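Each chain, letter by letter, is given below.
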Amino acid sequence: MSARKGLRFAARTLGQKRQTSASPAERLHSLLRGKEGEATAWRKAWLDGTTPWDAGSSPPVLADLVRSGSLPRGRALVPGCGSGYDAITLAQRDGGDKVVGLDIVPEAVAQAQSLLQRAEDAGAVRGGSVSFVCDDFFCSEAFGSNFDLIFDYTFLCALSPTMRAQWARRMVELLAPGGQLVCVLFPVDAAANPTVGPPYPLDPPTVQELCEKVGLRTVELSKVQDSIGPRRGREWLGRWERPPAKL
């Protein structure tokens, strides 16, 4: 092999090593920087297995809220539901709650439906029901409205910061009077670059301001004490209520 060919071969090999050593977040950023639409890019991430947001279970704080009985009952929505852990956790409450898991990626919905089947076979879903829908959170109401509870975990942080005001307005539109928006805010990292993501870092007071600007009342905003290892110290719990209708 000539020296020139050897250098080209070494360069290609080094490039391959760099590509394969990229972190899941870096691979995700690369996919989302493509020229395809956002839905296509997220689908590519699922097909590529690049899902760094997927922790393999619901956050411990959601399980604590379910056990406490403090969450509104009735109809619940989980936007950006991914593999479906949180929707299924909400359906484990005794009673007749109806939970909708929503995602824009059909492969995510298929995976969530598979997980739901296993949970139902194991008797983990109690008196409630869960359905998973492939649809656009911002552009459709085919999945319903007037929800008593909307749970957001790693959905807001997946959106460009330019979409946050739209996110807040949409939450108000979908909540029933007296309903609650419950968010596990992640990642909360003051040292992170706010323009680099997803996940885009979140500032709890800024999210509070967004919610209050659209008329939601702050119920709780506090640092989460129990998180999985890599997310410990980087999660906050926010709860906002749409004021009940005046009689």
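For clarity, every value in this text was computed on a predicted model and none was experimentally measured.

1. Overview of the environment of Gln111
Here comes step 1: If you trace the backbone, Gln111 turns up in helix 6 (residues 106-121).
Here comes step 2: Along the sequence, Gln111 and Phe132 sit 21 residues apart, while their C-alpha atoms lie 9.8 Å from each other.
Here comes step 3: Among residues more than four places away in sequence, those in contact with Gln111 are Trp46, Asp54 and Ser83.

2. Some thoughts on the pairing of strand 5 (residues 175-185)
Here comes step 1: Burial runs high along strand 5: 9 of the 11 residues are buried.
Here comes step 2: Both strand 4 (residues 147-153) and strand 5 contribute to a ladder of 6 bridges, which runs parallel. Directly across from Phe151, in strand 5, lies its bridge partner Val182.
Here comes step 3: When strand 5 meets strand 7 (residues 236-241), the two strands line up antiparallel, connected through 6 bridges. Its bridge partner lying in strand 7, Val184 is registered against Leu237.

3. Let's talk about the sheet that holds strand 5
Here comes step 1: Spatial ordering of the open sheet is given by 3-2-1-4-5-7-6, a layout of 7 strands whose pairing is mixed. Strands at the two margins of the open sheet, each flanked by one partner only, are strand 3 (129-134) and strand 6 (217-223). Strand-to-strand twist in this sheet, taken as the mean axis angle between neighbours without regard to direction, amounts to 15°.
Here comes step 2: Relative to strand 7, helix 4 (residues 60-68) is tilted by about 45°, and along the sheet it contacts strand 4, strand 5 and strand 7.
Here comes step 3: The strands touched by helix 8 (residues 204-213) within the sheet are strand 5, strand 6 and strand 7, with strand 6 carrying the most contacts at an inclination of about 170°.

4. Regarding the pattern of salt bridges
Here comes step 1: Overall, the coordinates contain 8 salt bridges when judged by the stated rule.
Here comes step 2: Note that Arg170 and Glu141 form a salt bridge whose closest N and O atoms lie 3.4 Å from each other. Pair noted here: Arg170 is in helix 7 (residues 164-174) and Glu141 is in the loop between strand 3 and strand 4, with a separation of 29 residues, a long-range link.
Here comes step 3: For Arg170, a relative accessible area of 6% puts it in the buried group.
Here comes step 4: With a closest N to O distance of 3.8 Å, Glu209 and Lys213 form a salt bridge. Of the two residues, Glu209 and Lys213 both sit in helix 8, 4 residues apart, roughly one turn of that helix.
Here comes step 5: On the accessibility criterion, Lys213 (66% relative accessible area) is exposed.
Here comes step 6: Overlapping salt bridges bring together Arg73, Arg93 and Asp97 as one network.

5. Looking at unusual backbone geometry
Here comes step 1: With an omega of -5°, the peptide bond between Phe186 and Pro187 qualifies as cis.
Here comes step 2: Structurally, Pro187 can be placed in the loop between strand 5 and helix 8.
Here comes step 3: In the segment running from Gly197 into Pro198, the intervening peptide bond is cis, with an omega of 0°.
Here comes step 4: Along the polypeptide, Pro198 turns up in the loop between strand 5 and helix 8.
Here comes step 5: Unusually for a residue other than glycine, Asn146 sits at a positive phi of about 55°.
Here comes step 6: Residue Asn146 is classed as partly exposed on the basis of its relative accessible area of 45%.

6. Some points on the packing of aromatic side chains
Here comes step 1: Under the definition given, this model contains 5 aromatic pairs.
Here comes step 2: With a centroid separation of 5.4 Å and 75° between ring planes, the pair formed by Trp42 and Trp53 is classed as edge-to-face. Of the two residues, Trp42 is situated in helix 3 (residues 38-48) and Trp53 in the loop between helix 3 and helix 4; the sequence distance between them amounts to 11 residues.
Here comes step 3: Look at Trp42 and you get buried, because its relative accessible area is 12%.
Here comes step 4: Between Trp46 and Trp53, the aromatic rings sit 5.9 Å apart at their centres with planes inclined by 65°, giving edge-to-face as the arrangement.
Here comes step 5: Taken together, the aromatic side chains of Trp42, Trp46 and Trp53 make up a single cluster linked through ring pairs.
Here comes step 6: Sitting over the ring of Phe137, Arg170 keeps its end group 6.0 Å from the ring centre.
Here comes step 7: Here the guanidinium or amino end of Arg231 rests over the ring plane of Phe186, the centre of that ring lying 4.6 Å away.

7. Quick notes on the packing of helix 3 against helix 6
Here comes step 1: Viewed as axis vectors pointing N to C, helix 3 and helix 6 meet at an angle of 50°, and their least axial separation amounts to 8 Å. On the basis of their axis angle, the class for helix 3 and helix 6 is oblique. Counted together, Arg43, Trp46 and Leu47 of helix 3 and Pro106, Glu107, Ala108 and Gln111 of helix 6 form the full contact between these two elements.

Conventions used here
- Residues numbered from 1 in each chain as written.
- Predicted model: local features only at pLDDT ≥ 70, side-chain atom pairs only at ≥ 80, totals over all residues.
- Heavy atoms only, no water.
- Helix = DSSP H or I, 4+ residues; strand = E, 2+ residues; numbered from the N terminus.
- Contact = heavy atoms within 4.5 Å.
- Buried < 20%, exposed > 50% of the residue type's maximum accessible area, 1.4 Å probe, protein only.
- Pairing = 2+ DSSP bridges.
- Axes fitted to C-alpha atoms, helices over the stretch in contact; angles between N-to-C directions.
- Salt bridge = Lys/Arg side-chain N within 4 Å of Asp/Glu carboxyl O.
- Phe/Tyr/Trp six-rings, centres within 6.5 Å; stacked < 30°, edge-to-face > 60°.
- Lys NZ or Arg CZ within 6 Å of the ring centre and 35° of its normal.
- Parallel < 35°, antiparallel > 145°, perpendicular 65-115°, else oblique.

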